[in-house]
Amino acid sequence: MGQSTNDMFPTAIHVAVAEGIRSQLVPALERFRDSLRRKADEWDQVIKIGRTHLADATPLRLGQEIGGQARQLALSVERAGRALDAVIELPAGGTAVGSGINTHPEFGARVAADLASQTGISFVEAADHFEANSQRDGLVECHGQLRAIASTLFNVSNNIRWLGAGPRCGFYEIKLPDRQPGSSIMPGKVNPTQSQALTMVAAQVLGNDAAIGVAGAIGHRHVDGALRRRLARDGRGARRGRRSSTRARARRGGGGWRTRGGSPRGPPRTGSARTGAG
């Protein structure tokens, strides 16, 4: 049928990654963004202390702080769009080394058009099949955007955890929903784990990006060979992990947040001792 693994395998990888970004990652990021926007509006009149170097600084509204995080997620949605754009050129039609030998001259264009029709993603035939066969720069670029998204999610999750630290000896400016029992030696302690789960996935994505960058750099001559396997596994795994964790953060975390009551400046005094650090 005029196909070669050298052009069809990377084509399949591009399609799978693009479809995953469009149908799974982007909707999860959008839900997280919308959840943060709702909280920003809800808490817009709550005054709190700002912190630089984790030390008290000038005041701001809690809604402003959460609104900044919502903007981070909005930019992440845009980065996901750029990640998808990096893989819309398809190598199909280049066959073994990019010359298109033993296939119909319109094969690549027809495959791209058919896939675009089926998926709704604007796939196109590679502009240069020799370039498309010999490297996976598009996937490296794609994962670079995913790395930036992972960095954002790590940052937002950590800042949310700081705001919920407590209840007696931390900031405790918001109350995060309890999810998992914490320890056999601390009965009754139940931890808000969704933020930590998201940071673990983000850490994996940041590590994957280094492997993908190296893998993309050492493709040899007219085919990238077994390195495609690394790029496909890490690229799709990163997208799946971020999607599921971001979706859980938006569904469970955002929906159950609340301020702990009053102006969130720290927990009340106990006797004469101040136990808060807010």
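Bear in mind the structure is a predicted one, so any value in this text is a computation, not a measurement.

**Q** Help me get a handle on the packing of aromatic side chains, residues and values and all.
**A** If you walk through the whole model with that rule in mind, you get one aromatic pair. Centre to centre, the rings of Trp162 and Phe171 are 5.6 Å apart; their planes meet at 40 degrees, and the pair counts as tilted. Since its relative accessible area comes to 42%, Trp162 is described here as partly exposed. Exposure remark for Phe171: the relative accessible area of 8% places this residue in the buried category. A cation over an aromatic ring shows up here: Arg51 above the ring of Phe171, its NZ or CZ 3.8 Å from the ring centre.

**Q** A description of the nonpolar core should follow, citing residues and the corresponding values.
**A** Ranked by internal contacts, the top residues of the largest apolar core, which has 45 residues, are Ile21, Leu29, Phe32, Phe123 and Cys142. Those elements that place two or more of their residues in this core are α1 (5-42), α2 (62-85), α3 (107-119) and α5 (137-164). Among the elements that take part in this core, α1 stands out by supplying 12 residues, more than any other. Not counting residues within four places of it along the chain, the set of residues in contact with Phe123 comprises His14, Val15, Ala18, Val87, Ile88, Leu90, Ala112, Leu115 and Ala116.

**Q** Before we move on, can you summarise unusual backbone geometry with the specific residues and values?
**A** The linkage connecting Gly166 with the following residue, Pro167, adopts the cis geometry, with an omega of 15 degrees. Within the secondary structure, Pro167 is located in the loop between α5 and β5 (174-175). Positive phi is not limited to glycine here, since His53 has a value of about 60 degrees. Along the chain, the position of His53 falls in the loop between β1 (47-52) and β2 (55-61). The backbone phi angle of Tyr172 is positive, close to 50 degrees, even though this residue is not glycine.

**Q** Hey, could you go over a negative patch on the surface for me, with residue numbers and the actual values?
**A** Together, Asp85, Glu89, Asp128, Glu131, Asp137 and Glu141 give the surface a local cluster of negative charge. Counting through the fold element by element, Asp128 comes out in the loop between β4 (124-125) and α4 (129-134).

**Q** Could you give me a rundown of α5, with the residues and numbers involved?
**A** Between its terminal C-alpha atoms α5 stretches 41 Å, which fits the 40 Å expected from 28 residues at 1.5 Å a residue. Immediately beyond the C-terminal end of α5, within one or two residues, lies Gly166, with a positive phi of roughly 155 degrees.

**Q** How would you summarise the environment of Leu84 if you had to cite specific residues and measurements?
**A** Tracing the sequence through the fold places Leu84 in helix α2. Remark: the alpha-carbon pair of Leu84 and His14, spanning 70 residues in sequence, is separated by 8.9 Å. Among residues more than four places away in sequence, those in contact with Leu84 are Ala18, Ile21, Arg22 and Ile121.

**Q** So what's going on with the packing of α5 against helix α6 (residues 194-217)? Which residues, and what values?
**A** For any two helices packed against each other, the geometry comes down to the angle between their axes and how far apart the axes lie. Contact pair α5 / α6: the axes reach a minimum separation of 8 Å and the direction vectors enclose 155 degrees. On the basis of their axis angle, the class for α5 and α6 is roughly antiparallel. For α5 against α6, the interelement crossing comes out left-handed. For the contact of α5 with α6, the per-class residue count stands at 12 nonpolar, 11 polar and four charged.

**Q** An account of the environment of Leu29 is needed here, citing residue identities and associated values.
**A** Note that Leu29 resides in helix α1. For Leu29, a relative accessible area of 0% gives the class buried. For the pair Leu29 and Val77, spaced 48 residues apart in sequence, the C-alpha to C-alpha distance is 6.2 Å.

How each quantity is defined
- Residues numbered from 1 in each chain as written.
- Predicted model: local features only at pLDDT ≥ 70, side-chain atom pairs only at ≥ 80, totals over all residues.
- Heavy atoms only, no water.
- Phe/Tyr/Trp six-rings, centres within 6.5 Å; stacked < 30°, edge-to-face > 60°.
- Buried < 20%, exposed > 50% of the residue type's maximum accessible area, 1.4 Å probe, protein only.
- Lys NZ or Arg CZ within 6 Å of the ring centre and 35° of its normal.
- Core = buried A, V, L, I, M, F, W, Y, C linked by side-chain atoms within 4.5 Å.
- Helix = DSSP H or I, 4+ residues; strand = E, 2+ residues; numbered from the N terminus.
- Contact = heavy atoms within 4.5 Å.
- Patch = residues over 30% accessible without salt bridge, like charges linked within 9 Å, V, L, I, M, F, W, Y side chains within 5 Å.
- Areas by Shrake-Rupley, 256 points an atom, 1.4 Å probe, with all protein chains shown as cover.
- Salt bridge = Lys/Arg side-chain N within 4 Å of Asp/Glu carboxyl O.
- Lys, Arg positive; Asp, Glu negative; His and termini not counted.
- Charge placed at Lys NZ, Arg CZ, Asp CG, Glu CD.
- Expected span 1.5 Å × (residues − 1).
- Axes fitted to C-alpha atoms, helices over the stretch in contact; angles between N-to-C directions.
- Parallel < 35°, antiparallel > 145°, perpendicular 65-115°, else oblique.
- Left-handed = near helix turned anticlockwise from the far one by under 90°.
- Nonpolar A, V, L, I, M, F, W, Y, C, P; charged D, E, K, R; others polar.

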